[in-house]
Each structure stands twice: as C-alpha cells, then as structure tokens.
Amino acid sequence: MKQAEVGPDPVDTRLGARLAELRADRGWSLGELAERSGVSKSTLSRAERAEISPTASLLNRLCGVYGRTMSQLLSEVEAEPAPLVRDAEQVVWEDPASGFVRRSVSPPHPGLRGELVEGRLAVGADIAYDRPPVPGLEQHIWVLEGALDVTAQDVEHRLGIGDCLRLRVWGPTRFRCAGSDEARYVLAVVLP
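Calculation notes
- Residues numbered from 1 in each chain as written.
- Predicted model: local features only at pLDDT ≥ 70, side-chain atom pairs only at ≥ 80, totals over all residues.
- Heavy atoms only, no water.
- Helix = DSSP H or I, 4+ residues; strand = E, 2+ residues; numbered from the N terminus.
- Rg over C-alpha atoms; globule rule 2.2 N^0.38 Å.
- Buried < 20%, exposed > 50% of the residue type's maximum accessible area, 1.4 Å probe, protein only.
- Contact = heavy atoms within 4.5 Å.
- Phe/Tyr/Trp six-rings, centres within 6.5 Å; stacked < 30°, edge-to-face > 60°.
- Pairing = 2+ DSSP bridges.
- Axes fitted to C-alpha atoms, helices over the stretch in contact; angles between N-to-C directions.
- Core = buried A, V, L, I, M, F, W, Y, C linked by side-chain atoms within 4.5 Å.

1. Examining the overall build of the protein
Then step 1. When its secondary structure is counted, the protein shows five helices and 10 strands.
Then step 2. Radius of gyration (C-alpha) of the protein: 17 Å, near the 16 Å computed for a compact globule of 192 residues.
Then step 3. Expressed as lengths along the three principal axes of its C-alpha atoms, the size of the protein is roughly 45 × 45 × 35 Å.
Then step 4. Counting over 192 residues, the protein shows a buried share of 42%.
Then step 5. Taking all contacts inside the protein whose residues are at least 6 apart in sequence as the whole, residues at least 24 apart take part in 65%.

In structure tokens, the structure reads:
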C-alpha cells in the first residue's frame, strides 16, 4: 500500500514565506542574511522554502536581525489577533529538536507592548539563545510546574513552582528543565 506524501506544515509554509518577505524588504541576499545572523545560506534557504521546520534557536537569531520578538514573528503568519483568544485558538509551536513547546496565550498586538507565553520544556531540555530578539526586552518568568534553570548575564537562577524571575535581556540566555518532571512556565514579554 502506497503512503500518501505529506507536504510541509502550513505554519512552516507561512513562516517561510514571511521570512523570505522580510529579507526581500531589506534587499538582502541570502549571503547577507547569513553574515548578519550567523546561520548558513543553505539553512536559511531551506527555512524560507519550508523544507525544514525552524528551531527556536534559528528563529531567535532571525528575530534579532529583524528586530522582532519570536511572538511578533509568529503572529505575523497568523490572522489579525483578536482581543479574546480562546484556549483552542491559541497558537502552539513545537521545536521537537529541543523539547520546547510554546503557546501564545496572549499574542502580540500592534497597539500593545506586552504578551503572555506558556512554555513547556521536556525533561532534560536545554535551550540557549545567543542574544535577545530585541535588546532590553523585559521578561517575567513564572514557574507553574517543575523546576527551571534560567541563566542571564552569566547568573544562573534556579526557579521552583511559584517562583518568578524578572529581568531585562541584553545578552545570551539559557532555559533548562532542572528537574525530573517537565517544566511549565508563563513568560510575560514586554517590549522596551
């Protein structure tokens, strides 16, 4: 029995098209974007053509180059956000390579500076970002389940259930599931 071919994920297709559009708007070649982002031309090309599903790290690098948060970029490939976002309508994005699941609980809106994200990290998951998508980005990280290690400005913070870390992000950050259970947290993001 022949298996049906599965095409690219529709979100990846829209995301790839938006990434290509952002690059074209700036008049950059793939080579110029590769230099600015530190991502290979082949990976950028494959992401724009939706041949690969971009990782959280890749999207973070591109968001930094384009001056957007990840939520802003992801919201640009969805319909105009409504003031009320029902649970079933919240966009969920998963990075299977890192064990990171991201739910846009309160997605960005052009008239607002803040948003809420639910993050889930599988046991052993470890995500490092080399820079914030927007320098000086304000973050509030509130742990709901499990334990989370967050490193920012070379300081590691161990967060348990109910703990909240508040910071402005200027440099590299790292999120690591620190316990034997999945870590689930709320991330409030506020643009500077």
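Having seen it, we continue.
2. What about the packing of aromatic side chains?
Then step 1. One pass over the structure, following the stated rule, counts three aromatic pairs.
Then step 2. Measuring from centroid to centroid gives 6.3 Å for Tyr-129 and Phe-175, while their planes differ by 80°, and the two rings are edge-to-face. You can see Tyr-129 sitting in strand β4 (residues 126–129) and its partner Phe-175 sitting in strand β9 (residues 173–177), a full 46 residues away along the chain. We note that Tyr-129, like Phe-175, is buried.

3. Examining the sheet that holds strand β10 (residues 183–190)
Then step 1. Read across the open sheet, the six strands follow the order β1-β2-β3-β10-β5-β8; overall the sheet is antiparallel. The sheet is open, and its two edges are formed by β1 (92–95) and β8 (164–169), each paired on a single side. For this sheet, the mean angle separating the axes of adjacent strands, direction not counted, is 20°.
Then step 2. As judged from the seven bridges shared by strand β5 (residues 137–145) and β10, these two strands associate in the antiparallel manner.

4. Description of the side chain of Glu-115
Then step 1. Tracing the backbone shows Glu-115 in strand β3 (residues 114–121).
Then step 2. Excluding residues that lie within four positions of it along the chain, Glu-115 makes contacts with Thr-69, Ser-71, Arg-102, Ser-106, Pro-107, Pro-108, Leu-187, Ala-188 and Val-189.

5. Looking at the nonpolar core
Then step 1. The biggest cluster of nonpolar side chains holds 44 residues, and the ones touching the most others in it are Leu-121, Ile-141, Leu-148 and Tyr-185.
Then step 2. The leading source of residues in this core is helix α4 (residues 56–66), at seven residues.
Then step 3. If we ignore the near neighbours within four places in the chain, the residues touching Ile-141 are Leu-148, Val-150, Leu-159, Asp-163, Cys-164, Leu-165, Leu-167, Phe-175, Tyr-185, Val-186 and Leu-187.

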